[in-house]
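Coordinate analysis (summary)
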Amino acid sequence: MAKTNPGRFFEDYSIGQVIDHAVPRTISGGERALYHALYPARHALYSSDEFARASGLPASPIDDLAAFHVVFGKTVPDVSLNAVANLGYAEGRWLLPVYAGDTLRSSSEVIGLKQNSNGKSGVVYVRTKGTNQRGETVMDYVRWVMVRKNDLDAPAPETVVPSLKPALAVEDLTVPQGLDFSGYDFTLAGEPHRWGDYEIGETIDHVDGVTIEEAEHMIATRLWQNTAKVHFDATFRTGGQRLIYGGHIISMARTLSFNGLANAQIIVGLNAGAHANPCFSGDTVKAWSEVLDKAETAAPGVGAIRLRLVATKGGAPFALKGDDGKYLPEVLLDLDYWALMPL
């Protein structure tokens, strides 16, 4: 009996299949320190216990995307170890803050399957949830990933493509219990711009750029335990280049967005996301945002803002797609998310 795990291939999935992922992980301050070392993360709520307490929380949570990466990383050996690429996201919700001392685990349900026309791979749709040590769901999201077939003669499954919301409504969002921005300190946060200062349709060039290094990418994939072969094994891809982990680009772009969106403190919803083109070490990542929507919430002083975050490898800001409707080759990421901001 084989003792090693070769990972699942496309023909190994079935609709309704539920996968409980190993291994639970207890969060410590080390995750925050490493996250802030990998990305120049500066949002005040995730940097300062005192700022978080002044905003109604018991302490500073772990960065929302750091928690996402932990939950995501658990799924890789079972969902995307043999992936060609992670393709997209939808219906992502952050339901509870994650604090140092919390233990996270993940489980996924297969909700869609579609074999590609070449017969060599297919797309697997999963809904993943992350839970804490009390069994509470801290986040859930849908993603779809292209996975290789191992047995090319395996029959194609019935095609099932799930119907997903194009965007979460503000009513779908969960504001952390106790959050109160009515006494928000804009000086400590780093920018004066509040919810009312942004207009739907406004675009923001975040100005700064970061050149991606192979070493930091490998630290990130190990930190989040994303052992997908395309990220780890340089012999696995034609040309011998490791593909930069998409979550690394998401966090880098979000961090760059601080310059212009320093007060978009908490990510609470992920409407859609696409890794438009591959990123490799040596590429310089820049970012721009577009305001897509705004809404008030019931929490004191707290507004919700829907943003498109685009990461590029040196492209001009605000250019996204060509006349053919396809992403321009310099576009790396197109992410649509909701964040909470002081009114």
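This report concerns the structure included in the present document.

Further remarks concern the overall build of the chain. A tally of regular secondary structure across the chain gives 8 helices and 10 strands. Taken over the C-alpha trace, the chain has a radius of gyration of 20 Å; the compact-globule value for 343 residues is 20 Å, and the two agree within 12%. C-alpha extents for the chain along the principal axes are approximately 65 × 50 × 40 Å. Within the chain, the proportion of its 343 residues that are buried is 52%.

One pass over the structure, following the stated rule, counts 12 aromatic pairs. Here the aromatic cluster, defined as three or more aromatic residues joined through ring pairs, consists of Phe68, Phe72, Tyr89, Trp94, Tyr141 and Tyr245. Against the face of Trp195 rests Lys294, its NZ or CZ located 4.2 Å from the ring centre. Above the face of the Tyr327 ring, Lys321 is positioned so that its terminal group lies 4.8 Å from the ring centre.

With that out of the way, let us pick up the nonpolar core. In this structure, Trp224, Ile249, Val285 and Ile305 are the most contacted members of the largest nonpolar core, which totals 57 residues. With 8 residues, the single largest contributor to this core is helix H3 (residues 64–79). Look past the residues within four positions of Ile305 in its chain and what remains in contact with it is Trp195, Tyr198, Val291, Asp293, Lys294, Tyr337, Trp338, Ala339 and Met341. Among the nonpolar cores identified, the runner-up in size contains 23 residues, and Leu173, Tyr184, Val302 and Trp338 belong to it.

Counted residue by residue, helix H7 (residues 246–256) has 11 buried out of 11 residues, so it is predominantly covered. Among the residues of H7, those classed as buried are Gly246, Gly247, His248, Ile249, Ile250, Ser251, Met252, Ala253, Arg254, Thr255 and Leu256.

An order of S1-S3-S4-S5-S2-S7-S10-S9-S8-S6 is seen for the 10 strands of this open sheet, with the pairing classed as antiparallel. The outermost strands of the open sheet, each flanked by one partner alone, are strand S1 (18–26) and strand S6 (203–211). Between one strand and the next, the sheet's axes are offset by a mean angle of 25°, whatever the strand orientation. Summarising the sheet, strand S7 (residues 266–275) and strand S10 (residues 331–342) pair through 8 bridges and their orientation is antiparallel. Its bridge partner lying in S10, Ile267 is registered against Ala339.

Bringing the pattern of salt bridges into the picture now. Summed over all chains, the structure comprises 11 salt bridges. The residue Asp336 makes a salt bridge to Arg306 at a minimum N-O spacing of 2.5 Å. One end of the pair, Asp336, is in strand S10; the other, Arg306, is in strand S9 (residues 302–312), with 30 residues separating them in the sequence. For Asp336, a relative accessible area of 9% gives the class buried. Judged by relative accessible area, Arg306 falls into the buried class, the value being 18%. When the shortest N-O distance is used, the salt bridge between Asp334 and Arg308 registers 2.9 Å. With Asp334 in strand S10 and Arg308 in strand S9, this residue pair connects regions lying 26 residues apart in the sequence.

The α-helix advances 3.6 residues per turn, and as a result positions three or four apart in sequence lie on the same side. Inspection of helix H5 (residues 214–223) places Glu216, His217, Met218, Ala220, Thr221 and Leu223 among the buried residues, and these make up the whole buried set. Phi for Gln225, located one or two positions after H5, is positive at around 55°.

Bringing the environment of Ser47 into the picture now. By the element assignment, Ser47 lies in the loop between helix H1 (29–38) and helix H2 (49–54). Taking the C-alpha atoms as reference, Ser47 lies 25 Å from Glu296; in sequence the two are 249 residues apart. With residues up to four places along the chain from it excluded, the contact list for Ser47 reads His36, Ala41, Arg42 and Ser60. Polar side-chain contacts of Ser47 include one of 3.0 Å to the backbone oxygen of His43.

This brings us to the packing of H3 against H7. Each pair of packed helices can be summarised by the angle the axes make with each other and by the distance between the axes. Axis separation between H3 and H7 bottoms out at 11 Å; the angle between their running directions is 175°. With respect to H7, the axis of H3 lies roughly antiparallel. The residues of H7 that touch H3, namely those facing Asp64, Leu65 and His69, are Gly247, Ile250, Ser251 and Arg254. Each residue belonging to the contact of H3 with H7 can be placed in one class, and the counts come to 2 nonpolar, 3 polar and 2 charged.

All right, on to the side chain of Asp64 then. Here Asp64 shows up in helix H3. For the buried residue Asp64, which engages in no salt bridge, the nearest side chain bearing the opposite charge is Arg254, 4.2 Å off. Within the structure, Asp64 has its side chain in polar contact with the side chain of Tyr46 (distance 2.9 Å).

Scoring rules and cut-offs
- Residues numbered from 1 in each chain as written.
- Predicted model: local features only at pLDDT ≥ 70, side-chain atom pairs only at ≥ 80, totals over all residues.
- Heavy atoms only, no water.
- Helix = DSSP H or I, 4+ residues; strand = E, 2+ residues; numbered from the N terminus.
- Rg over C-alpha atoms; globule rule 2.2 N^0.38 Å.
- Buried < 20%, exposed > 50% of the residue type's maximum accessible area, 1.4 Å probe, protein only.
- Phe/Tyr/Trp six-rings, centres within 6.5 Å; stacked < 30°, edge-to-face > 60°.
- Lys NZ or Arg CZ within 6 Å of the ring centre and 35° of its normal.
- Core = buried A, V, L, I, M, F, W, Y, C linked by side-chain atoms within 4.5 Å.
- Contact = heavy atoms within 4.5 Å.
- Pairing = 2+ DSSP bridges.
- Axes fitted to C-alpha atoms, helices over the stretch in contact; angles between N-to-C directions.
- Salt bridge = Lys/Arg side-chain N within 4 Å of Asp/Glu carboxyl O.
- Polar contact = N/O pair within 3.5 Å; in protein donor to acceptor, adjacent residues only side chain to side chain.
- Parallel < 35°, antiparallel > 145°, perpendicular 65-115°, else oblique.
- Nonpolar A, V, L, I, M, F, W, Y, C, P; charged D, E, K, R; others polar.
- Lys, Arg positive; Asp, Glu negative; His and termini not counted.

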